[in-house]
Amino acid sequence: MQLTVLGCAGTFPGPESPCSGYLVEHDGFRLVVDLGAGSLGALQRHVGLLDVDAVYISHLHADHCIDLVAYSYARRYHPSGVPPALPVYGPAGTRARIESSFEEPPTNGLLDVFDFREVPPGEHRIGPFEIRAVRTNHPIECHALRIEAGGRSLTYSGDTGECPELVELARGSDVFLCEASWTDSPDNPPGIHLSGRQAGEHAARAGVERLLLTHLVAWSDAASILAEAKEAFGGDVERVACGSSTTV
Ligand SMILES: [Zn+2]
Ligand SMILES: [Zn+2]
């Protein structure tokens, strides 16, 4: 599996990165996980605009899904013609969330460009990927995903506060792509995001091989978040960047 970061800024785009978007490739199949603000632009540095086989949206906050609006135009008006409707997986309400972002609801419901597949947490097969989703600890339904193919495993946290279910999901993963939005503080509100320390603790409890930190908010102290995670995990920890790519 190949993981490429299209965007990793939490909550709003930063000067160095769009919001969340990840390209996961295996056997020629291209799955995009999340398509937050600006990530559609970065996608085109890596693959053609139409060379996506499926999308999985973790949750319906704009920093994870809003570029589906822009992507609907890119697919409908592409000079090579309208391609087959793209499978878009996501929690209940995904279709209505995207449709409601238009000044007038699209008369065809976007069904000419997107094949919305609203799914509950659970097991899903998408192309060559076996995917298990669990609900995280976040104000709206958010899916953390364990993605497996070719005997390898990648777990993505989505957005979450402290979450034992995420630890179980990530258990023994080769790569754990985990949000670490802010530095640790007793003043952080519960049930929204993880600190660097908490991301490291989740990785340690899950016994993962590598921890990749993502979803840092642009004004947070990235060096401190990384140091916290390293101290708590003790294993291989890195912070991802827009455009970074790794073999899982
Ligand atoms: Zn987010
Ligand atoms: Zn969120």
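Residues numbered from 1 in each chain as written. Chains lettered and ligands numbered in written order. Predicted model: local features only at pLDDT ≥ 70, side-chain atom pairs only at ≥ 80, totals over all residues. Heavy atoms only, no water.

1. Some details on the overall build of the protein
Secondary structure assignment for the protein yields seven helices and 16 strands. For the protein, the C-alpha radius of gyration of 17 Å lies close to 18 Å, the compact-globule estimate for 248 residues. Projected onto its principal axes, the C-alpha coordinates of the protein cover approximately 50 × 40 × 30 Å. Taking all 248 residues of the protein together, the buried fraction comes to 56%. For the protein, long-range pairs separated by at least 24 residues make up 60% of all intrachain contacts whose partners lie at least 6 apart in sequence. Carbon and sulfur atoms make up 51% of the accessible area of the protein, which totals about 9,800 Å². (Helix = DSSP H or I, 4+ residues; strand = E, 2+ residues; numbered from the N terminus. Rg over C-alpha atoms; globule rule 2.2 N^0.38 Å. Buried < 20%, exposed > 50% of the residue type's maximum accessible area, 1.4 Å probe, protein only. Contact = heavy atoms within 4.5 Å. Areas by Shrake-Rupley, 256 points an atom, 1.4 Å probe, with all protein chains shown as cover.)

2. A word on the coordination of the zinc ion (ligand 1)
Within the first shell, the zinc ion (ligand 1) binds the protein through Asp63 (OD), His64 (NE2), Asp159 (OD) and His215 (NE2), at distances of 2.1 to 2.2 Å. In this structure, the zinc ion (ligand 1) is surrounded by four donor atoms whose angles at the metal cover 91 to 162°, and the resulting shape is irregular. When the donor residues of the zinc ion (ligand 1) are listed from N- to C-terminus, their spacing reads D-H-x94-D-x55-H. Here the zinc ion (ligand 1) and the zinc ion (ligand 2) are spaced 3.6 Å apart, linked through Asp159, which binds each one. (Donors = N, O, S within 2.8 Å, 3.2 Å for Na, K, Ca; no water. Tetrahedral: all angles 85-135°; square planar, octahedral: opposite > 155°, others 65-115°.)

3. Let's talk about the coordination of the zinc ion (ligand 2)
At the metal site, the zinc ion (ligand 2) is ligated by His59 (NE2), His61 (ND1), His138 (NE2) and Asp159 (OD), and these contacts range over 2.2 to 2.4 Å. The site at the zinc ion (ligand 2) holds four donor atoms, and with the angles between them running 91 to 164°, its shape is irregular. Sequence spacing among the residues donating to the zinc ion (ligand 2) works out to H-x1-H-x76-H-x20-D.

4. Section: helix H6 (residues 196-206)
It helps to recall that an α-helix has 3.6 residues per turn; residues three or four apart then point in one direction. With eight of eleven residues buried, H6 is to be regarded as a mostly interior element. Looking only at H6, the buried set comprises Gly196, Gln198, Ala199, Gly200, Glu201, His202, Ala203 and Ala206. Close packing links the buried residues of H6 with helix H5 (164-170), strand E12 (175-179), strand E13 (210-214) and helix H7 (222-233). With its phi angle positive at about 65°, Gly207 sits one or two positions after the end of H6.

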